[in-house]
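Each chain is listed here by its residues.
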Amino acid sequence: LRDRVPAGLDHLFIGIAQEDFRVDVSSTEIRARRGDVKEMKLYVAVERIYNELRELGIGPTDSVTVEQLLPFDQYHYFGTDTVDNGVAMAKIGGNGSHVLDVGSGLGGPARYLAKKHGCLVTAVELQRDVSDVGEDLTKRSGMAGKVTHRAADFLAPDTSILAAGAGKFDAA
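Sequence order as written defines residue numbering, which begins from 1 separately in each chain. At least 70 in pLDDT is required for a residue's local features to be given in this predicted model, at least 80 for side-chain atom pairs to be given and counted, and no such filter applies to totals for whole chains, interfaces and linings, which use all residues. The basis for every side-chain value is the complete set of heavy atoms in the structure, and neither hydrogens nor water enter the calculation.

Visitor: Explanation requested: the pairing of strand S3 (residues 147–151) in the structure shown.
Guide: We treat two strands as partners when DSSP finds at least two bridges between them. Strands here are runs of E lasting at least two residues and helices are runs of H or I lasting at least four, both read from the DSSP assignment and numbered beginning at the N terminus. Examined bridge by bridge, strand S2 (residues 120–125) and S3 share five bridges and lie parallel to one another. Pairing of Ala-123 across the sheet is with His-149, part of S3.

In structure tokens form, the structure reads like this:
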């Protein structure tokens, strides 16, 4: 994966080396290898989070807290513990740290970083529908001043996020 990260941003990426993961080839992986990334549609029925919120008595335009969203918006293993571990490994946090969240999903980790650790976060998600739901939830949670959502292909050479953010991200 590191060989596909745009030049000048590779130092921002932390974590486990790619060889530490066993990957099964799936139809999604085959499409990715062909370059059909935008057609992969990794997440379906993203609106199901609205059903979960409705079960809590939260309507489609009601305010919601970051804490109320946590059980539903973390699209990764081990929930917020993983985010906290990343913060410790990257030595970020506090006011002023700017994090680039690539593959942000619904923006759960981005909102959590902003709320708990005081970070500014740019959340980049390939799927527009997922990014749109994330942006809605961020606005409703009052975190729009700290989290910015962008629907974009991070690996595209003309990604304006990279041009606009060159040198301003503390971690990714």
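Back to the write-up after that little detour.
Visitor: Help me understand the sheet that holds S2 in this model?
Guide: Backbone-to-backbone hydrogen bonds join strands into a sheet, with any given pair of strands oriented parallel or antiparallel. Read across the open sheet, the three strands follow the order S1-S2-S3; overall the sheet is parallel. The sheet terminates laterally at strand S1 (98–102) and S3, the two strands that pair on one side only. When the angles between neighbouring strand axes are averaged without regard to direction, this sheet yields 15°. Sheet topology places S1 next to S2; five bridges connect them, and they run parallel. Bridge assignment links Asp-101 to a residue of S2, and that residue is Ala-123. Between two residues, a contact is recorded if the distance between any of their heavy atoms is within 4.5 Å. All axes are obtained by fitting lines to C-alpha atoms, using only the stretch in contact for helices, and the reported angles, taken between N-to-C directions, cover 0 to 180 degrees. Each of S2 and S3 is contacted by helix H6 (residues 128–140), which is oriented at about 165° to S3, the strand it contacts most.

Visitor: Which parts of the structure should I look at to understand the nonpolar core?
Guide: The tendency in soluble globular proteins is for nonpolar side chains to be buried side by side. In terms of nonpolar packing, the biggest core is built from 15 residues, with Ile-92, Val-99, Leu-113, Cys-119, Val-121 and Val-147 touching the most fellow members. Within the residue set of this core, elements represented by two or more residues are helix H4 (79–90), helix H5 (108–117) and S2. With four residues, H5 is the single largest residue contributor to this core. The residues touching Val-99, leaving out its near neighbours within four places in the chain, are Ile-92, Leu-113, Cys-119, Leu-120, Val-121, Thr-122, Phe-169 and Ala-171. Definition used in this section: a nonpolar core is a set of buried Ala, Val, Leu, Ile, Met, Phe, Trp, Tyr and Cys residues joined via side-chain atoms within 4.5 Å. Summary of the burial criterion: residues with accessible area below 20% of their type's maximum are buried, those above 50% are exposed, and those between are partly exposed, where the area comes from a 1.4 Å probe applied to protein chains only. Ranked by size, the runner-up nonpolar core spans 10 residues in total, among them Val-64, Val-130, Val-133 and Leu-137.

Visitor: Hey, could you run me through the packing of helix H2 (residues 48–55) against H6 in this one?
Guide: Geometry of a packed helix pair, given as the angle between the helix axes and the separation of the axes. Two elements in contact, H2 and H6, have axes separated by 11 Å at closest approach and are oriented at 30°. Of the residues in H6, those touching H2 at Ile-49, Tyr-50 and Leu-53 are Val-133, Asp-136, Leu-137 and Arg-140. For this scheme, ten residues count as nonpolar: Ala, Val, Leu, Ile, Met, Phe, Trp, Tyr, Cys and Pro. Four count as charged, namely Asp, Glu, Lys and Arg, and the remainder, Gly too, count as polar. For the contact of H2 with H6, the residue count by class is five nonpolar, no polar and two charged.

Visitor: Help me out: how do you make sense of the pairing of S1 in this one?
Guide: Remark: a regular strand shows side chains that alternate across the two faces of the sheet. Counting buried positions along S1 gives four out of five residues, so the element sits mostly inside the fold. Once the chain exits S1 it traverses H5 before rejoining the sheet at S2, and the crossover so formed is right-handed. Crossovers are marked right-handed if the path from the first strand over the helix to the second runs clockwise, as seen with the strands pointing away from the viewer.

Visitor: What is the right way to look at unusual backbone geometry in this model?
Guide: Leaving glycine out, the prevailing phi sign among residues is negative, and the prevailing peptide bond configuration is trans. In this structure, Lys-91 takes a positive phi of about 55° despite not being glycine. Inspection of the secondary structure assignment puts Lys-91 in the loop between H4 and S1.

Visitor: Can you help me understand the environment of Arg-48 in this one?
Guide: Here Arg-48 shows up in helix H2. It is 9.1 Å that separates the C-alpha atoms of Arg-48 and Phe-72, two residues lying 24 residues apart in sequence.

Purely spatial values, then, with no claim about function.
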